[in-house]
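# A structural walkthrough
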Amino acid sequence: MRARWAWTLTVIILVGIMFSYTQDELRTTSVLSFSLRYAIPLIIAAMVGLVCERSGVINIGIEGQLLMSAFAGFFGAAATGSLIIGTLFGIGTGLIMGAVFATGAVAWKMDQIISGTIINIIATGLTSFFYAQGQVLPASTPVVAIPYLKDLPLVGPVLFNNGLFTYAAIIIVIFLQIMLFLTIWGLRTRAVGENPSAADTSGINVQRTRFINVTLAGGLAGVAGAYLSLEAAGTFERGFTAGRGFTALAIMIFGAWNPVGAFAAALFFGLTQGVASQLQADEVVDIPPQFINMLPYVLTIVLLAVVAGRVRPPAAVGKPYEKD
Amino acid sequence: MDDELVLEVTGLTKRFPGVIANEDVSLTVHKGEIVALLGENGAGKSTLVKMIYGLYRPDEGEIRIKGESVRLNGPREAIRRGVGMVHQHFQLVPVFTVAENVILGDEPRKLSFIERRKAVKEVTALAAKHGMAVDPKALVRDLPVGAQQRVEILKALYRQADILIMDEPTAVLTPQETDELLKVMKGFAASGVAVIFITHKLREVLAIADKIEVLRGGKVVGTTTPSETDQGKLAQMMVGRSVLLSVDKSVASPKEIVLDVVGLSSDNDIGLPAIRNVDLRVRSGEIVGIAGVEGNGQRELVEALTGIRKSTATKFTINDENAIGASPHKIHGMHVGHVPEDREKDGLVGQYSIANNMVLNRFDEPEFSRRGIRNMDAVNSLATKLVKDFDVRTPSIKTPANSLSGGNKQKVVIARELSANPSLLVASQPTRGVDVGSIEFIHSQIISARDSGAAVLLVSAELDEVLGLSDRILVMYDGQIVAELEGANPDRAEIGRLMAGGHAVVAEDSSHG
Amino acid sequence: MSSDGPAQTDLGFTDPNPTLGPKYGPVKAIAIPIVSVLLAFAVGGILIYFQGVNPFTAYRVLFESALGDSDGLLRVMQKSTPLIFTGLAVVVGLRVGLFNIGAQGQLTVAAIGAAWAGYHFDLPTVVHLTFALGFGMLCGAAWASIAGVLRAYRNVSEVITTIMLNSIAIALVDYLASRTFKEPDQPISRTPLISDSAALATFGVIPSGFVIALIVSLFFGWFLIRTTEGFRFNTVGLNPNAARYAGISVKRTIVLAMAVSGALAGMGGAVETMGVVGRFEPAFNAGLGFDGITIALLARANPIATIPAAILVGILRTGANSLQFETGIEPEVVDVILALTLLFVAAPIVSRYIFRINAKRKSKSKGRS
Ligand SMILES: Nc1ncnc2c1ncn2[C@@H]1O[C@H](COP(=O)(O)OP(=O)(O)O)[C@@H](O)[C@H]1O
Ligand SMILES: [Mg+2]
């Protein structure tokens, strides 16, 4: 039922894009590129939430994980003069934050929501305190155009002429889709998220599975954070993740806890934002900038209100595993 | 029966906060032997086998599997040594297929990928070999309870268990299904598998066991064989005193209709029809029992009648008052008491004191509050009285409910529901997981409620309970009432047949494939 | 059951029955937060040390500027007032199993609402005060109710919606303060000053808003324990299934509790506008909502304990500015100290390793670990 609804919407959007492309090539391309750039961190962050929730852990601390790794990525790169080292700093910080969150939410069996909130507050505190002004990146991240593919009409410039993180995001989504539904890791992870006690009695170590998955998901948050400061913004400001970690959770829900579904949902988000900004810039409509800023948040709430009742989260999500 | 010793347990002790679940338990199991663990609820049967399966670690004692002393760090190690377990509460992932559930944790693989086709083939072959019909590609959540149990058994067999533990497997089955399962177990034993069979039903033990171990209060109180004993002796060993195997009650004298339901229908949690066109009438002064295998709509029926679940009906009145679409609050206001089937989840707030639990659905009545402010003196004095009247064993009325034993928790619920003098009492599984002493007490309370004029609707998966308490019995199958039996001594076998859907009208229904 | 929905927030110490005492026993219930705070100060001190400042000097500066004179005391009380309210807002949510991380947004919309009610009307003092305060509370309640209704009727996690509503609130009030309600002929975005009739007075060094906050805390301490509505709140929070079976409307309770929570946060915003700032300026109150979470957890979801917890945070926030002025330490060190306090209080670090609570019992009862 929901799937058909989603497919219909997708087809309408695709037809709309095609039509718009015949009318105005340049603008369409630029809106789509904007949309993709907007969607990339959301996609990766949604994968963080997805891996955690498929294992039965709600990760409300994605926001803090993004913030910390964006911070570490930026200042790491600025201090060492190397974007690669900066990226590694970002990912390493993400892994550490993942492990810290896993320690609270999994190992100590604390309330998962509160554990995540602690992560967010700690991240805000640390990044604010250690924030230093006047740092710059050694260089901007390279844009890699894929030969031949980049010359395709529309998809070429939009999809195949991007920074490395963008390709990484797409690969991560496909990789996770395969991992989750075709591999042993996926079967066990889903079992742990659906019925941990069944997994336990089948000989699967529930706590270890959760701990590892949540920690690795933190590494993904590191990728997203590094993307934000190194590729998307090229800088770091206090609190500049601006709620993306939460929007990502909403995107994960719209995607019904499927990587590819979440990818589509994130693109839809990006597209809405892209179209609105373009309309604003072209002065087609006179929307105050504050309302453009509000758009992703309002959209999140509206879509959640429509979708949340219809999709089913992993059954054991949110509950620390206790043997009865 | 072979002489080879496959499992030897000596001096096992397991303590939980406040309880010694197992104390110095010793046990031997031979190849191809069926050992019955008999004991009433809370005797420690599940705890014992969970230690053998590696789910709990014993505080003291030794477990030897096939001669080797083991310290199990989890089910994985038990599985590796050939121990398999069919759990009292099925350990299945509802959204996975049968095949996925069976292979989980021991998947046929190529690199890291699951070999799905091979899995389906293996499961099909395994099921065929043991004569257990299941579709490996079906989702477990779509299967009836009996089939889910077959999946549990297949799971153990797939791991090549030669010590098979079955924890109360017959609790969810019809008498016919039970007989079939007993036959399957005999087959396992004949092929050399050692079976540990847990139950509290004496008949089954006598029918199948090679050896009977009786547990009481966490200790082994006797070891015997079916040829040396009988039901009376076993019951006495189990409970520690002689027990009435039947309920003592006078003949009912039904009066006016209290609950009148025509054409009641309702959906289950995933939106599929769960009860269809149920007609039901309960009179003041009678106990109407609903017999049926769990999962045939009893839960939804109870929830619909108490306003918790949305339902449709042509007629639904309580004391001639319309109750269609009424909220739980409104229905409670029509003097309906409800003993929910899952008391911990739905009947009590574990962190609340006994006193607060005693008024959980009445705290806002004028007796216990004035202008929105609670009258704690009234609450406490009611609680003090009920604790005494209903023999709740507790240090104080301020004790949190979750520190009580199962039987005392249930007494709190029963006390609360009966103290409001309901004109209709809906009691769902009123004695599940309760010790024998409490069972007798709860039964007598239900009967005295009937005698003082309440209409009682009893739903129980224990056929003996339904038979013992009811003045009239309805059999439920696949969301419908398929038969009504009156009279003092209905035929067990007949009811069993009806519970399994053996009624001419609904025999071949489409929904169970 | 169909109403299960997202996981409930289980603190493990929401204990509505006062006669029972908390899970840990009364001594440790007080000792754990105190030790946590001290530990956080210790770690914060190390950070300060590495910035080249003697931590003892820094903390002395911090506390002296906050508590050393009547001026400091006044500012501490002013700072603590909205914090008590946002702390209470989070506490009320937690009691019903809701995690309201949107106190910030509710406070913000209430602050501008109260400012508008304060400058746009001319009313007799008592009426005007009540109206402006009430209108602010209404704004906060309405804002929170969006999340409450969505949670109750559409099963949308209040955690996500309240966060989103925070961001929306920031954009919305920015718009309002720069256009609709803007003070005319001023370069910056802010509302006009409120009328004197809507200003909350300060008696000596005691702001009346602070007194209101104390009274409201005490009221909720009583409300949650002694009233039928409070009993509904607790029941829904502890076991929503049992609440439903007992005839309590879980949906109604969730919506109501969320509205109450929003009204409390709103009161914080209104009191801040009417008693301290005198008008609405965007960003004057950043962070108050998030401190509310720390305060609520520090107070272990107890309304009365919210008072000391909020005052402590108020002291730190007040002292932080002087800290920068006199020692050059960034005021954000307070954020770090508060984050660490939260970590120590909520994570079982202190209870497990310092007081060794549950450690023995756990190892016995849990089979394998
Ligand atoms: N995980 C546990 N924590 C605390 N007490 C338990 C636990 N499991 C069982 N018990 C207690 O141990 C006793 C034995 O329980 P159990 O082995 O389940 O009995 P049986 O299976 O014979 O009904 C009961 O009193 C029960 O309440
Ligand atoms: Mg048992």
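Keep in mind that this is a model prediction, so the values were computed, not measured.

## Description of the overall build of chain B
Secondary structure assignment for chain B yields 17 helices and 25 strands. Taken over C-alpha atoms, the radius of gyration comes to 24 Å for chain B, in line with the 24 Å a tight globule of 513 residues would show. In terms of overall dimensions, chain B has C-alpha extents of about 70 × 50 × 50 Å along its principal axes. Within chain B, buried positions represent 56% of all 513 residues. Of the roughly 21200 Å² that chain B leaves accessible, carbon and sulfur atoms contribute 49%. Taken as two groups, the 61 positive and 69 negative side-chain charges of chain B have centres that lie 4 Å from each other.

## Observations concerning the sheet that holds strand 1 (residues 5-16) of chain B
Residue and element names in this part refer to chain B. Taken together, the 4 strands give an open sheet; going across it, the order is 2-1-4-5, and neighbouring strands pair in antiparallel fashion. Here the strands that pair on one side only, and so sit at the sheet edges, are strand 2 (19-30) and strand 5 (68-70). For this sheet the average axis-to-axis angle between neighbouring strands, irrespective of direction, equals 25 degrees. Of the strands in this sheet, strand 1, strand 2 and strand 4 (60-65) touch helix 1 (residues 45-52), which is tilted by about 120 degrees from strand 1.

## Focus on the environment of C:Ile254
Residue and element names in this part refer to chain C. When you line up the elements, Ile 254 lands in helix 10 (residues 250-277). Given the relative accessible area of 7%, Ile 254 is considered buried. A sequence separation of 33 residues divides Ile 254 from Gly 287, and the C-alpha atoms of the two residues are 25 Å apart. The contacts of Ile 254, once residues within four sequence positions are left out, are Leu 98, Gly 148, Arg 151, Ala 152 and Val 236.

## Let's talk about the side chain of C:Ser195
Residues and elements named next belong to chain C. Within the fold, Ser 195 resides in the loop between helix 6 (158-178) and strand 1 (202-203). Among the polar contacts listed, one links the side chain of Ser 195 to the backbone oxygen of Gly 118, at a separation of 2.7 Å. Among residues more than four places away in sequence, those in contact with Ser 195 are Gly 118, Tyr 119, Phe 121, Asp 122 and His 128.

## A closer look at empty space enclosed by the protein
Enumeration according to the criterion identifies 4 cavities of 30 Å³ or more in this entry. There is about 160 Å³ of room inside the largest cavity. In terms of lining, the largest cavity is formed by 18 residues, of which the most central are B:His338, B:Asn361, B:Glu417, C:Tyr245 and C:Ala246. Among the elements of the structure, helix 10 (328-333), strand 19 (336-339), helix 11 (343-347) and helix 14 (406-419) of chain B together with helix 9 (240-245) of chain C are those that each provide at least two residues to the lining of the largest cavity.

## Some remarks on the packing of helix 3 (residues 62-80) of chain A against helix 11 (residues 244-254) of chain A
Residue and element names in this part refer to chain A. Helix 11 packs onto helix 3 with a crossing angle of 130 degrees between their chain directions and a minimal axis gap of 7 Å. Comparing the axis directions of helix 3 and helix 11 gives the class oblique. Remark: the crossing between helix 3 and helix 11 carries right-handed chirality. Facing Ile 62, Glu 63 and Leu 66 of helix 3, the residues of helix 11 in contact are Arg 244, Gly 245, Phe 246 and Leu 249.

## Considerations on the coordination of the magnesium ion (ligand 2)
For the magnesium ion (ligand 2), the protein coordination sphere consists of B:Ser46 (OG) and B:Gln88 (OE1), at 2.1 to 2.4 Å. Residue B:Ser46 is located in helix 1, and its partner B:Gln88 is located in the loop between strand 6 (83-86) and helix 3 (98-103); the two are separated by 42 residues in the primary sequence.

## Focus on the domain arrangement of chain B
Segmentation of chain B into domains returns domain 1 (5-239), domain 2 (244-335 + 423-513) and domain 3 (347-420). Here the C-alpha centroids of domain 1 of chain B and domain 3 of chain B sit 38 Å apart.

## Structural notes on the sheet that holds strand 19 of chain B
Residues and elements named next belong to chain B. Within the open sheet, the 6 strands sit side by side as 19-22-23-15-24-25. Their pairing is mixed. Only two strands of the sheet have a single partner each, and these edge strands are strand 19 and strand 25 (480-486). Each adjacent strand pair in this sheet contributes to an overall mean axis angle of 15 degrees, direction not counted. With 4 bridges joining them, strand 15 (residues 287-291) and strand 23 (residues 455-459) adopt parallel strand pairing. Residue Gly 289 lies in a different strand from strand 23, and its bridge partner there is Leu 458. Of the strands in this sheet, strand 19 and strand 22 (424-428) are in contact with helix 14, which crosses strand 19 at around 170 degrees.

## Some details on the interface of chain B and chain C
Taken together, the contacts link 41 residues of chain B with 29 residues of chain C. For the pair chain B and chain C, the interface holds 1 salt bridge. A salt bridge links B:Asp364 to C:Arg232; its shortest N-O distance comes to 3.0 Å. Where chain B packs against chain C, one counts 11 residue pairs in polar contact (both at pLDDT 80 or more). A per-class count over the side of chain B that touches chain C returns 16 nonpolar, 11 polar and 14 charged.

## As for a nonpolar patch on the surface
Residues and elements named next belong to chain A. Side chains of Trp 5, Leu 9, Val 298, Val 302 and Val 306 sit close together on the surface and give an oily, nonpolar patch of about 370 Å² of accessible area. Elements with a contribution of two residues or more to the nonpolar patch: helix 1 (2-23) and helix 13 (289-307). Among the elements that line the nonpolar patch, the one with the most residues is helix 13, at 3 residues. Mapped onto the elements of the fold, Trp 5 is located in helix 1.

## Quick look at the pattern of salt bridges
Residue and element names in this part refer to chain B. Under the counting rule described, the total for this entry stands at 50 salt bridges over all chains. A salt bridge links Arg 81 to Glu 68; the nearest nitrogen and oxygen atoms lie 3.4 Å apart. Linking Arg 81 in the loop between helix 2 (75-80) and strand 6 with Glu 68 in strand 5, this pair joins segments that are 13 residues apart in sequence. One network of salt bridges, with partners in common, ties together Asp 269, Arg 299, Glu 303 and Arg 309.

## Focus: the site of ligand 1
In the region of ligand 1, 13 residues are neighbours, and B:Gly42, B:Gly44, B:Lys45, B:Ser46 and B:Thr47 sit closest. Ligand 1 sits at the junction of chains A and B, each of which supplies nearby residues. Separating an oxygen atom of ligand 1 from a backbone N or O atom of B:Lys45 is a distance of 2.8 Å. Between ligand 1 and B:Tyr56, the relevant distance is 3.2 Å, taken from a nitrogen atom to a side-chain nitrogen or oxygen of the residue. Relative to its unbound accessible surface of 550 Å², ligand 1 loses 68% to contact with the protein. Only strand 2 and helix 1 of chain B provide two or more residues apiece to the shell around ligand 1.

## What to know about the pairing of strand 12 (residues 219-224) of chain B
Here is the key point about a regular strand: its side chains alternate between the two faces of the sheet. Residue and element names in this part refer to chain B. As paired elements, strand 11 (residues 211-216) and strand 12 share 5 bridges and run antiparallel to each other. Directly across from Glu 213, in strand 12, lies its bridge partner Thr 223. What sits between the antiparallel neighbours strand 11 and strand 12 is a turn of 2 residues, in which Gly 217 has the positive phi angle 55 degrees.

## Details of helix 4 (residues 116-129) of chain B
Residues and elements named next belong to chain B. Here helix 4 is 14 residues long and its end C-alpha atoms lie 20 Å apart, about the 20 Å a rise of 1.5 Å per residue gives. Burial in helix 4 covers these residues: Ala 119, Val 123, Leu 126 and Ala 127. Taken down its axis, helix 4 places every buried residue within 95 degrees of arc, on the same side. Facing away from the buried surface of helix 4 by more than 90 degrees, the exposed residues are Arg 117, Lys 121, Ala 128 and Lys 129. Residues of helix 4 that are buried in the fold lie against helix 3 and helix 5 (145-158).

## Re the interface of chain A and chain C
Taken together, the 41 residues of chain A in the interface contact 48 residues of chain C. Approximately 3800 Å² of surface area, both sides summed, lies buried where chain A meets chain C, with 77% of it carried by carbon and sulfur atoms. Considering only the side of chain A, the residues that lose the most area to chain C are A:Trp108, A:Phe129 and A:Ile301, jointly responsible for 19% of the buried surface there. For the interface between chain A and chain C, the tally reads 2 salt bridges. Of the charged contacts in the structure, one is a salt bridge between A:Arg238 and C:Glu330, with a shortest N-O distance of 3.6 Å. Where chain A touches chain C, the interface holds 3 residue pairs in polar contact (both at pLDDT 80 or more). Elements that contribute at least two residues to the side of chain A that touches chain C include exactly helix 5 (112-130), helix 11 and helix 13 of chain A.

## Re the pairing of strand 25 of chain B
All names here are of chain B. As paired elements, strand 24 (residues 472-477) and strand 25 share 6 bridges and run antiparallel to each other. Within strand 25, the position partnered with Leu 474 by the bridge is Glu 484. Hairpin connection between strand 24 and strand 25: a loop of 2 residues separates the two successive antiparallel strands, and Asp 478 in this loop has a positive phi of roughly 50 degrees.

Scoring rules and cut-offs
- Here the residue numbers are simple positions, counted from 1 along each chain's written sequence.
- In the order they appear in the text, chains get letters beginning with A and ligands get numbers beginning with 1.
- Where local features are concerned, this predicted model is filtered to residues with pLDDT of at least 70; where side-chain atom pairs are given and counted, the filter is 80 or more; whole-chain, interface and lining totals use all residues.
- Excluded from the side-chain calculations are hydrogens and water; all other atoms, namely the structure's heavy atoms, are used.
- Helix and strand labels come from DSSP, where a helix needs a run of H or I of at least four residues and a strand needs a run of E of at least two; each type is numbered from the N terminus.
- Put simply, the radius of gyration uses C-alpha atoms, and a globule should come to 2.2 Å times the residue count raised to 0.38.
- The buried label applies to any residue whose accessible area, calculated with a 1.4 Å probe on protein chains only, is under 20% of its type's maximum; exposed applies above 50%, and partly exposed to all values in between.
- Computed with a 1.4 Å probe, the accessible areas rest on the Shrake-Rupley method; for each residue, only the protein chains presented here act as cover.
- Positive charges come from Lys and Arg, negative ones from Asp and Glu, while His and the chain ends are left out of the count.
- Taken as the charge centre is NZ of Lys, CZ of Arg, CG of Asp or CD of Glu, depending on the residue.
- Whether two strands pair comes down to DSSP finding at least two bridges between them.
- Fitted lines through C-alpha atoms serve as axes, helices being fitted only where they are in contact, and the angles separating the N-to-C directions of these axes extend from 0 to 180 degrees.
- Residue contacts are counted whenever heavy atoms from the two residues lie within 4.5 Å of one another.
- Two N or O atoms count as a polar contact when they lie within 3.5 Å, although within protein this holds only if one can serve as hydrogen donor and the other as acceptor, and sequence-adjacent residues are included solely when both atoms are side-chain atoms.
- Lining residues are defined by having an atom within 4 Å of a point belonging to a cavity or pocket. Those points lie on a 1 Å grid over the protein atoms alone, cavities being sets where a 1.4 Å probe fits but cannot get out and pockets being open sets with protein on both sides within 12 Å along at least five of seven lines.
- Grid points are joined across faces, edges and corners, and a volume is the space filled by probe spheres set on the points.
- Angular relationships are summarised with four words: roughly parallel below 35 degrees, roughly antiparallel beyond 145, roughly perpendicular across 65 to 115, and oblique for the angles in between.
- Crossing chirality is assigned from the near helix's rotation relative to the far helix, an anticlockwise turn below a right angle marking it left-handed and a clockwise turn marking it right-handed.
- Listed donors are limited to N, O and S atoms within 2.8 Å of the metal, widened to 3.2 Å for Na, K and Ca; water is not among them, so incomplete-looking sites are possible.
- All domain edges in this entry derive from an automatic or database-based domain assignment.
- Definition used for salt bridges: Asp or Glu carboxyl oxygen within 4 Å of a side-chain nitrogen of Lys or Arg.
- In this classification, the charged set is Asp, Glu, Lys and Arg, the nonpolar set is Ala, Val, Leu, Ile, Met, Phe, Trp, Tyr, Cys and Pro, and all remaining amino acids, among them Gly, are polar.
- Each patch is built from residues lacking any salt bridge and having more than 30% relative accessible area; the joining distance is 9 Å for like charges and 5 Å for nonpolar side chains (Val, Leu, Ile, Met, Phe, Trp, Tyr).
- Only heavy atoms are used to decide nearness, and a residue is near a molecule or strand if one of them lies within 4 Å of it.
- Any helix carries an expected span of 1.5 Å times its number of residues minus one.
- What the arc measures is the spread of directions leading from the helix axis to the C-beta atoms.
- Two parts lose some accessible area (1.4 Å probe) when they are put together, and adding that loss for both gives the buried area.

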